[in-house]
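Chain residues, written in single-letter form:
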Amino acid sequence: MRAARVLILGGTADARHLAAELAASPDEFEVTSSLAGRVAKPRLPAGEVRVGGFGGVAGLADWLTEHQVDALVDATHPFAATMSQHAAAAAARADVPLLALSRPAWTPDAGDRWHEVDSLTQAASLLPELGRRVFLTTGRTELAPFAAVPQLWYLIRSVDPPEPAACPPDHHVLLDRGPFTLEGERAVLREHRVEVLVTKNSGGQATVPKLLAAREAGLPVVLLRRPAPPAVHATASTPAETVNWLRGRAF
Ligand code: NAP
C-alpha cells in the first residue's frame, strides 16, 4: 500500500509542526505544504513545498485530483478566510476529505482591557479615544485604515517591510517575526512608550506574550475578531489531533 498523500495549506507554525510530524513517517505519509508566497524568506516546512496561489477553487480542485491527494488539511491562519473558503469548496468538488486545523482563539482574563472589533476600520476609529502611541501587529498589507487616522503615532511590526506609501505619516517600522517572549514584549512597550495595542485574535502561544505584557502594563488592546470559518466535517485544534485523524482514515 502506498503512503497517504496529504496536502497542507500552510503559512502557520501549526502547519509546520504538522508537516514535520508527517514527514517523520514516510512509510505512512507523503506530505506537501503549500505557501501563498507572501513572505520573502518563509520558514520552510519539512517535506515537499509548493509556493503560490492555485488559481481559485477550480485550480485547487484540479491540483488535488492531478496529484492524487488523499487528504487536505487547511492549516492556514484563522484570518486567511478566502483560502479556507476555497479549501472547503475545492475539497467537495474533488471529493477529497478535508480537516480544518485551527488553534483556539484567545479569551480575555482578569485585568485585560479588550475592545473587540470586526474590522480594522472599526479598530482604527476607536484608537483616538484609547491612546496616541499605537503598537500595530496586524500585518504590513492592511495599513490603509490606520493611514486614515494620521494624528496618531504607529509602531508597525511586520516580517517584511511595509510599502512606505501605505504607512501612516508618523510611524516606526519594527521588523521581527515570532515567537516572541514576555520579556521582549515588555521591552517593546516600554521603549516605544506604547499606549494601545492592536492585534488580530490569532490564538496560540507564539504571539500571546504581547497580550500578557499589555495586561501587566494596564494598556487597552483593540482585538480583531476572527472571520467565520466555512462549515467543514472535521476540525482539530492541534497538529497531534490532526495526525490522529489522518491515521484513523483508511486511504
Ligand atoms: P487569503 O486572503 O485567505 O487568500 C488569498 C489568496 O491567496 C487565496 O485565494 C489563494 O490564491 C492564496 N493563498 C492563500 N493561502 C495560500 C496557501 N497556503 N497556499 C497557496 N495559496 C494560498 O490569505 P491571506 O490572509 O493573504 O494569507 C496568506 C497566507 O499567509 C496564508 O497561507 C496564511 O496561512 C498566512 N498568514 C496569514 C495571516 C493573516 O493575518 N491573514 C497571518 C499569518 C499567516 P488562489 O485563489 O490563487 O489559490
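Residues numbered from 1 in each chain as written. Predicted model: local features only at pLDDT ≥ 70, side-chain atom pairs only at ≥ 80, totals over all residues. Heavy atoms only, no water.

Undergrad: Got a minute to help me understand the packing of aromatic side chains in this structure?
TA: By convention here, two paired aromatic rings are described through the distance between centres and the angle between planes. Enumeration over the complete set of coordinates arrives at two aromatic pairs. Centre to centre, the rings of Phe54 and Trp63 are 6.0 Å apart; their planes meet at 80 degrees, and the pair counts as edge-to-face. Neither Phe54 nor Trp63 differs from the other in exposure class; each is buried. For the pair Phe146 and Tyr154, a centre-to-centre distance of 6.0 Å together with 65 degrees between the ring planes defines the contact as edge-to-face. Grouping residues by exposure puts Phe146 and Tyr154 together as buried. The ring of Phe54 is capped by Arg50, whose NZ or CZ atom sits 3.9 Å from the centre of that ring. The ring of Trp153 carries the charged tip of Arg133 above its face, separated from the ring centre by 4.0 Å. (Phe/Tyr/Trp six-rings, centres within 6.5 Å; stacked < 30°, edge-to-face > 60°. Buried < 20%, exposed > 50% of the residue type's maximum accessible area, 1.4 Å probe, protein only. Lys NZ or Arg CZ within 6 Å of the ring centre and 35° of its normal.)

Undergrad: Just checking my understanding: could you explain the sheet that holds strand E1 (residues 4-9) for this structure?
TA: Taken in spatial order, the six strands line up as E3-E2-E1-E4-E5-E12 in an open sheet, and their pairing is parallel. Edge positions in the sheet fall to strand E3 (48-51) and strand E12 (234-236), since each of these pairs with one other strand and no more. Pairwise comparison of adjacent strand axes, ignoring direction, gives a mean angle of 25 degrees for this sheet. Along the sheet, helix H8 (residues 239-247) contacts E1, strand E2 (29-35), strand E4 (71-74), strand E5 (98-101) and E12; its crossing angle with E5, the most-contacted strand, is approximately 170 degrees. (Pairing = 2+ DSSP bridges. Helix = DSSP H or I, 4+ residues; strand = E, 2+ residues; numbered from the N terminus. Axes fitted to C-alpha atoms, helices over the stretch in contact; angles between N-to-C directions. Contact = heavy atoms within 4.5 Å.)

Undergrad: Honestly, the pairing of strand E7 (residues 133-136) in this entry has me stumped. Any pointers?
TA: One face of the sheet, then the other: side chains in a regular strand alternate in exactly this way. Because side chains alternate across E7, one face comprises the buried residues Arg133 and Phe135, and the other comprises Val134 and Leu136, equally buried. With four bridges connecting them, E7 and strand E8 (residues 153-158) associate as parallel partners. Bridged to Phe135 within E8 is Leu155. Two strands pair when backbone bridges link them, and E7 and strand E10 (residues 196-200) are joined in this way by three bridges, in the parallel orientation. Bridging across to E10, Leu136 finds its partner in Val198.

Undergrad: Please clarify how helix H3 (residues 81-94) should be interpreted in this entry.
TA: Each α-helix winds once per 3.6 residues, and so residues spaced three or four apart point in a common direction. With 14 residues, H3 extends 20 Å between its outermost C-alpha atoms, agreeing within 8% with the 20 Å of an ideal straight helix rising 1.5 Å per residue. Looking at the packing, one finds that the buried side of H3 touches E1, helix H2 (56-66), E4 and E5. (Expected span 1.5 Å × (residues − 1).)

Undergrad: Just checking my understanding: could you explain the site of the ligand for this structure?
TA: Surrounding the ligand, one finds 21 residues, the nearest of these being Gly10, Ser34, Phe54, Met83 and Lys200. Within the contact set of the ligand, an oxygen atom lies 2.8 Å away from a backbone nitrogen or oxygen of Gly55. Between the ligand and the protein, one listed contact pairs an oxygen atom with a backbone N or O atom of His77 at 2.9 Å. Computed on the free molecule, the ligand has an accessible area of 810 Å², of which 76% lies beneath the protein chains in the complex. Counting residues per element, the ones that place at least two in the shell around the ligand are E2 and H3. Counting residues per element, the shell around the ligand draws most heavily on H3, which supplies four residues. Per-class residue counts for the shell around the ligand are seven nonpolar, 11 polar and three charged. (Near = heavy atom within 4 Å. Polar contact = N/O pair within 3.5 Å; in protein donor to acceptor, adjacent residues only side chain to side chain. Areas by Shrake-Rupley, 256 points an atom, 1.4 Å probe, with all protein chains shown as cover. Nonpolar A, V, L, I, M, F, W, Y, C, P; charged D, E, K, R; others polar.)

Undergrad: What should I look at first to understand the packing of H2 against H3 in this one?
TA: Orientation of H2 relative to H3, taken along the N-to-C sense of each, is 50 degrees, at an axis distance of 8 Å. In this view, H2 runs oblique relative to H3, as classed from their interaxial angle. In terms of crossing hand, the pair formed by H2 and H3 is right-handed. Contacts between H2 and H3 involve Gly56, Val57, Ala58, Leu60, Ala61, Leu64 and Thr65 on the former and, on the latter, Met83, His86, Ala87, Ala89, Ala90, Ala91, Arg93 and Ala94. Looking at the contact of H2 with H3 residue by residue, the class counts come to 11 nonpolar, three polar and one charged. (Parallel < 35°, antiparallel > 145°, perpendicular 65-115°, else oblique. Left-handed = near helix turned anticlockwise from the far one by under 90°.)

Shape is all these values report; function is a separate question.
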